[in-house]
Amino acid sequence: MIVAQLEGQPFVRWDWVFDHLDDIWAATAEHLVLTGIALGLGLVISVALSLVARRYRRTYAPITWVTGILYTIPSLALFSLLVPITGLSILTAEIGLVSYTLLILIRNIVAGLDGVSPAIKEAAQGMGYSRRRILLEIEIPLALPVIIAGIRIASVTTIGLVTVAALIGKGGLGFFILQGLRRFFTTEIVVGAVGSVLLAVAIDALLVVAERALTPWTRTKATL
Amino acid sequence: MDAYQSDALMDFVTEVIEFFATASNWSGTGGIVERTLEHIGLSAFSMGIASAIAIPPALYLGHTGRGGLLAVSIVNIGRAIPSFAIVALALPISINLGLGLGFWPTFLALVVLALPPMFTNTFTGIREVDANTVEAARGMGMKEREILLGIEMPLAAPVILAAVRVTAVQVVATATLGAWVAWGGLGRYILDGFSQRDNVEVFVGGALVGLLAIGTDLVFSLIERRAVPAGLSRRTAVRSKVRTRGQIPV
């Protein structure tokens, strides 16, 4: 009976889409907020851990080992392990989402900073730059392309994972996917899926633009 | 944490231990053993089919050097489409094909999900084989087919096996979502736990899925280490790069 109901309907009912633009917009906003919080917190934690790993090289292996295990645990499994403790809450969703950004971000931050030419750092040192100034004014700006590459991967994956958080009640556009499954209504599944892909593409494009604006020197080659 | 909360937590831990200590939860229909085997079985089957579809063209294109852009775009698109969306979209497609609920939509979704990382990593692995080595083989009069099977494939083995590992973990993780399209597997515990507001069952499901994913990663890492040609063993930096290339947490 349910199956027949699904067979009869068109793949996308556009009238439903236009009737629910407000809901779609609200879900998109929620999706962005969840992604933004995860990336923001993830970035803060990753920068801190990367600096520790660079200062004390021996900590790098254990840091990537632990974040690697977090990365391997399926998001739904992690959410399920957290639900008894933190409930069906935004906190549960964010703990999961943040933990998946760590491995990607830390790897890229460390690789980016390590990639800065020692000659440049030595020159800065010779000019009397302090360690802190070398980090902030030399290393981080020069590592930006690699760091932003990491942020791009992390943001696209986070946007995808937010849809899974719909299963614990906090999923932005993933809510439509879940509702579509419950009601056997393809339109809602498509809205959730396409919306989430479009969001990922848009954020990725935005980050590319941001990278270009922040690292104008990488473009000089092209203009010559 | 106040006294009430710590009591509640202790009760919860006791209940989880009781769940695992109860023999009837392990055996029979819907028991841990059956669901785990179901989960592993479908994951392995999907991986097998996806490998059979993705690896041969990736080997061929990697050998000829064509299709680089395709490889990059496939993995990027694959990353942008959420696994949950793939599972959900597989349902109406499966029903329209007359395949119904449960097994087939889950299988379809897992194969679709496994194709991009398998293809792209195999392709890249073959491309990354030292061009001089391939030239030397050609100079020795080896046929293209022999070069691919005898030189490039063994040298790319670490990358290809890493791709299998990374993809297998993703497939095991996503098979959990099969419960939402009426399939079984370990995701059942989580779905049933959610609908009955039974946190013990949710937690048990999460723990089993997490352990299975980590176990899959471990088993395939061991195979990877065994299968690497002796001449390559330590000096390949390729292996470590693969982890983030194409791997998507799901």
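This one's a predicted model, so the numbers in the text were calculated from it and none came from an experiment.

I tried to follow the overall build of chain A on my own but got confused; where do I start?
Scanning chain A from N- to C-terminus turns up eleven helices and zero strands. In chain A, the succession of helices and strands from N to C terminus is α-α-α-α-α-α-α-α-α-α-α. C-alpha extents for chain A along the principal axes are approximately 75 × 50 × 25 Å. Within chain A, the proportion of its 224 residues that are buried is 41%.

Help me out: how do you make sense of the overall build of chain B in this one?
Of regular secondary structure, chain B possesses ten helices and zero strands. Counting from the amino terminus, helix and strand elements in chain B follow one another as α-α-α-α-α-α-α-α-α-α. For chain B, the C-alpha atoms occupy an extent of roughly 75 × 45 × 35 Å along the three principal directions. Burial analysis of chain B (250 residues in total) assigns 46% to the buried set. The long-range fraction of contacts in chain B, counting pairs at least 24 apart against all pairs at least 6 apart in sequence, stands at 76%.

It is not clear to me how helix H6 (residues 90-114) of chain A should be interpreted in this structure. Could you clarify?
Residues spaced three or four apart along an α-helix face the same direction, because each turn holds 3.6 residues. Residues and elements named next belong to chain A. Between its terminal C-alpha atoms H6 stretches 35 Å, which fits the 36 Å expected from 25 residues at 1.5 Å a residue. Along its length, H6 reaches its greatest deviation from straightness, about 30°, at Leu102. Most of H6 is tucked away: 18 of the 25 residues are buried.

It is not clear to me how the interface of chain A and chain B should be interpreted in this structure. Could you clarify?
Between chain A and chain B, the residue contacts involve 37 residues of the former and 37 residues of the latter. Residue assignment for the side of chain A that touches chain B shows that the elements contributing at least two residues are helix H1 (2-8), helix H4 (60-72), helix H5 (75-86), H6, helix H8 (131-164), helix H9 (174-183) and helix H10 (186-214) of chain A.

Any chance you could explain the packing of H4 of chain A against H6 of chain A here in plain terms?
Each packed pair of helices is defined by two parameters, the angle between the axes and the distance between the axes. All names here are of chain A. Where H4 meets H6, the axes come as close as 7 Å, and the angle between the chain directions of the two elements is 145°. Considering the relative orientation of H4 and H6, their crossing is left-handed. Counted together, Tyr60, Ile63, Thr64, Thr67, Gly68, Leu70 and Tyr71 of H4 and Ser99, Tyr100, Leu102, Leu103, Ile106, Arg107 and Val110 of H6 form the full contact between these two elements. For the contact of H4 with H6, a count of residues per class yields nine nonpolar, four polar and one charged.

Sorry if this is basic, but what is going on with H5 of chain A here?
Counting buried positions over the twelve residues of H5 of chain A gives ten, a clear majority of the element. Inspection of H5 of chain A places Ser75, Leu76, Ala77, Leu78, Phe79, Ser80, Leu81, Leu82, Val83 and Pro84 of chain A among the buried residues, and these make up the whole buried set.

Explain the environment of Met140 of chain B here, please?
All names here are of chain B. Tracing the chain through its elements places Met140 in the loop between helix H6 (131-139) and helix H7 (144-175). Using a count of 9 C-beta atoms within 10 Å as the deciding quantity, one classes Met140 as exposed. Along the chain, Met140 and Ala168 lie 28 residues apart, while their C-alpha atoms are 38 Å from each other.

Any chance you could explain the confidence of the model for chain A here in plain terms?
Across chain A, the average pLDDT comes to 90, with 94% of residues at or above 70. Mean pLDDT values for the elements of chain A range from 51 in helix H11 (residues 220-223) of chain A up to 95 in helix H3 (residues 21-55) of chain A.

Definitions and limits used
Residues numbered from 1 in each chain as written. Chains lettered and ligands numbered in written order. Predicted model: local features only at pLDDT ≥ 70, side-chain atom pairs only at ≥ 80, totals over all residues. Helix = DSSP H or I, 4+ residues; strand = E, 2+ residues; numbered from the N terminus. Buried ≥ 20, exposed ≤ 12 C-beta atoms within 10 Å, placed from the backbone. Contact = placed C-beta atoms within 7 Å. Expected span 1.5 Å × (residues − 1). Bend = angle between axes of the 7 residues up to and from the residue. Axes fitted to C-alpha atoms, helices over the stretch in contact; angles between N-to-C directions. Left-handed = near helix turned anticlockwise from the far one by under 90°. Nonpolar A, V, L, I, M, F, W, Y, C, P; charged D, E, K, R; others polar. pLDDT = per-residue confidence, 0-100.

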